[in-house]
Amino acid sequence: MKKQKKNYILPLAAVLCVLSLAVMVLALTRQEEIPTEIGEFTPPPFDAAAVVGSPAVPDGFGWQELDAKVYKVGVCGKFIPKGNTADVWLTNPESNTVWLKVRVLDENGNTLGETGLIKPGEYVQSVALDTVPKTGKPIVLKIMAYQPDTYYSEGAVSLNTTISEE
């Protein structure tokens, strides 16, 4: 008569399964509250230099209207600093339903300057710069859109360009 080998694999797997379930239940019930800190949102101010209407942009600034699907925006692709400002001719067409602003970033993502918000049907000619990079340095014009009153983001578009000379 042959002795049958006992199969221990199935009972061992069942014990491991029950043990892992017990550990998961214990971990979920003993989970400590992770403190989450939500900073207080400060709405960006409106630009005091905003003008109602459409700008008469001089030739040579590379001004164009871009379609960001949710909104349109007019802005200059040629970025020429004059002292601590640069003309961007940021335009929020009257057909938009969002508020717009532009932030100027250096190649490392540091903010060089930004406009305040402008409403549909307004434009702002210049952006004040905290730091002016040298000619030829790459920058990003990040155009940000917000829902009126709630300040929920309607997205952002970025325009890569360089610092130009007059």
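Here's a quick rundown of the structure. (Residues numbered from 1 in each chain as written. Predicted model: local features only at pLDDT ≥ 70, side-chain atom pairs only at ≥ 80, totals over all residues. Heavy atoms only, no water.)

Points about the pattern of salt bridges
The full count for this structure, using the stated rule, is four salt bridges. Between K82 and D87 there is a salt bridge, with its nearest N and O atoms 3.7 Å apart. Relative accessible area serves as the criterion here: at 10%, D87 is assigned to the buried category. Across the pair E114 and R103 runs a salt bridge whose closest N-O atoms are separated by 3.3 Å. Separated by 11 residues along the polypeptide, E114 in strand β7 (residues 111-114) and R103 in strand β6 (residues 99-106) bring together distant segments of the chain. When salt bridges with common partners are traced through the structure, they connect K101, R103 and E114 into a single cluster. (Salt bridge = Lys/Arg side-chain N within 4 Å of Asp/Glu carboxyl O. Buried < 20%, exposed > 50% of the residue type's maximum accessible area, 1.4 Å probe, protein only. Helix = DSSP H or I, 4+ residues; strand = E, 2+ residues; numbered from the N terminus.)

What to know about the nonpolar core
Among the nonpolar cores identified, the biggest contains 23 residues, and F79, L90, L100, V104 and L141 are the most heavily contacted of them. Contributions of two or more residues to this core are made by β3 (72-76), β5 (85-92), β6, β8 (122-128) and β9 (138-146). Broken down by element, this core gets its largest block of residues, four residues, from β9. The contacts of F79, once residues within four sequence positions are left out, are A86, V88, V104, V127, L129, I139, L141, T161, T162, I163 and S164. (Core = buried A, V, L, I, M, F, W, Y, C linked by side-chain atoms within 4.5 Å. Contact = heavy atoms within 4.5 Å.)

Regarding the pairing of β6
In terms of burial, β6 is largely enclosed, as seven of its eight residues are buried. As judged from the eight bridges shared by β6 and β9, these two strands associate in the antiparallel manner. Across the sheet, residue K101 finds its bridge partner in β9, namely M144. Here β6 folds back onto β7, and the loop between the two strands holds four residues, one of which, G109, carries a positive phi near 85°. (Pairing = 2+ DSSP bridges.)

As for the sheet that holds β7
Ordered in space as β7-β6-β9-β10, the four strands form an open sheet in which the pairing is antiparallel. With partners counted over all chains shown, the strands left at the sheet margins are β7 and β10 (153-162), one partner each. Between one strand and the next, the sheet's axes are offset by a mean angle of 20°, whatever the strand orientation. Sheet topology places β6 next to β7; three bridges connect them, and they run antiparallel. Following the sheet pairing, L105 is matched in β7 by T111. (Axes fitted to C-alpha atoms, helices over the stretch in contact; angles between N-to-C directions.)

These results come straight from atomic positions and should not be treated as a statement about function.
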